[in-house]
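# Secondary and tertiary structure notes
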Amino acid sequence: MTFIDLRSDTVTKPTAAMRRAMAEAEVGDDVYGEDPTVNLLEQRSAAICGKEAALFVPTGTMGNTIGIKVNTEHGQEVICESRAHILNYELSMMAWFAGCLTRTIIAEDGILSWKKIHAEIRPLGPHAAPTGLIEIENTHNMAGGTVYPLDTIREICEESHKLGLPVHMDGARVFNAAEALGVPVAEVVKPVDTVTFCLSKALGAPAGSMVCGSRVLMDKGRLLRKRLGGGMRQAGVLAAAGLVALEDGPARLAEDHANAKFMAEGLDAIPRIRVEREPQTNILFFDVTETGYSGNEFSGKLKERGVLMNAASGPSRLRLLTHFDVDRGAFLRALEIVRSVAAGN
Ligand code: TLP
């Protein structure tokens, strides 16, 4: 059976252009800084983000781990939203590697405000662990791919900086945020100190993420990457696909976003299915409580009929993501399959 795979935008296969670029990539030993393709990818990523430097890392998790570590000291607190990826899906790397605690804020749409953050900054004194970093996730995965308004990012950064606090953006899908806002990525990430973004998500590369920031922080990050086992030697083979992802990926994100809206409308029209929020980007959550199935049961039924979607946290929620390996015809088939499972067939 060929599955319609809507579990994540990480499941895309490399395009023909990526495979060609990988086969032809010029490589060297990146631990010596001698891989020309990695160097090019890092320069290109830094330029796109308007930062001094960038670091190619195998995963978004390593990117965030490094981003957090270069900005903090052991024993500090990191303020983030309650469903942040860094807290819930990164095996507590923040505690394990950076020695920091999270102080979480609940925001229904995943988007923090300076007002909410300000209230959680710890007073200096003999009892409280000092706040070391503010972390914002853009787009916010578990809130449904929601996007930070530019003014909110600017205010959070300006006010944090006044207090000497850096800001890290988990921009795993920051290209989706930029597309939704209709501005270049540099505009979105300008005020933050460090940003991680993933080549392997909506942009379609088989692997790889970037961390971007000042030269000083990225030099520090390079050593941390080696510590974490991320010194990948002839990584140009992967970086070559990353360069194609940067070149070709952003232009087609609008299509993913339109497909997510199409799916939201289609799902909303199915009895007993409740779409959580109108998608702003390529992520969509829906609730199946009224069908009588749990999220896992519903996901299992879909799988039997050839559609892959993950159950999400909460008893009866599912998540779907749109990406370039699924076309309109397949989305229509997926909707029909959801309809028949929801009807108890
Ligand atoms: N997200 C994955 C899963 O881990 C949930 C997905 O399928 O969405 N930040 C954000 C916001 C992410 O969504 C992810 C991956 C990461 C970081 C980590 O990236 P990787 O998987 O490359 O370590």
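This report concerns the structure included in the present document. Quick caveat: nothing in here was measured; it's all calculated off a predicted structure. (Residues numbered from 1 in each chain as written. Predicted model: local features only at pLDDT ≥ 70, side-chain atom pairs only at ≥ 80, totals over all residues. Heavy atoms only, no water.)

## Let's talk about the packing of helix α1 (residues 16-24) against helix α11 (residues 236-248)
Look at α1 against α11: their axes get within 8 Å of each other, and the N-to-C directions meet at 145°. The way α1 lies across α11 gives a crossing that is right-handed. Of the residues in α11, those touching α1 at A17, M18, A21 and M22 are V237, L238, A240, A241, V244, A245 and D248. Grouping the amino acids of the contact of α1 with α11 by side-chain chemistry returns ten nonpolar, no polar and one charged. (Axes fitted to C-alpha atoms, helices over the stretch in contact; angles between N-to-C directions. Helix = DSSP H or I, 4+ residues; strand = E, 2+ residues; numbered from the N terminus. Left-handed = near helix turned anticlockwise from the far one by under 90°. Contact = heavy atoms within 4.5 Å. Nonpolar A, V, L, I, M, F, W, Y, C, P; charged D, E, K, R; others polar.)

## Quick look at the sheet that holds strand β12 (residues 310-312)
Either a parallel or an antiparallel arrangement is found when strands of a sheet pair, and the pairing is made through backbone hydrogen bonds. With antiparallel pairing, the four strands of this open sheet are ordered in space as β9-β10-β13-β12. The open sheet is flanked by β9 (274-275) and β12, the only strands paired with a single partner. The sheet contact formed by strand β10 (residues 283-287) and strand β13 (residues 317-321) spans five bridges and is antiparallel. Residue pairing across strands places L284 opposite L320, the latter belonging to β13. Most of the contacts of helix α12 (residues 253-268) go to β10, to which it runs at about 10°, and overall it touches β9, β10 and β13. Its contacts with the sheet put helix α13 (residues 295-304) on β10, β12 and β13, and the angle it makes with β13 is roughly 45°. (Pairing = 2+ DSSP bridges.)

## Details of the site of the ligand
Surrounding the ligand, one finds 14 residues, the nearest of these being S8, G60, T61, N141 and D170. Contacts to the ligand include N141, whose side-chain N or O atom sits 2.8 Å from an oxygen atom. For the ligand, an oxygen atom lies 2.8 Å from a polar atom in the side chain of K201. A total of 520 Å² of accessible area belongs to the ligand in isolation, and the protein chains cover 82% of it. When residues in the shell around the ligand are grouped by element, the largest group, three residues, is from helix α3 (residues 60-71). Along the lines of polarity and charge, the residues of the shell around the ligand split into one nonpolar, seven polar and six charged. (Near = heavy atom within 4 Å. Polar contact = N/O pair within 3.5 Å; in protein donor to acceptor, adjacent residues only side chain to side chain. Areas by Shrake-Rupley, 256 points an atom, 1.4 Å probe, with all protein chains shown as cover.)

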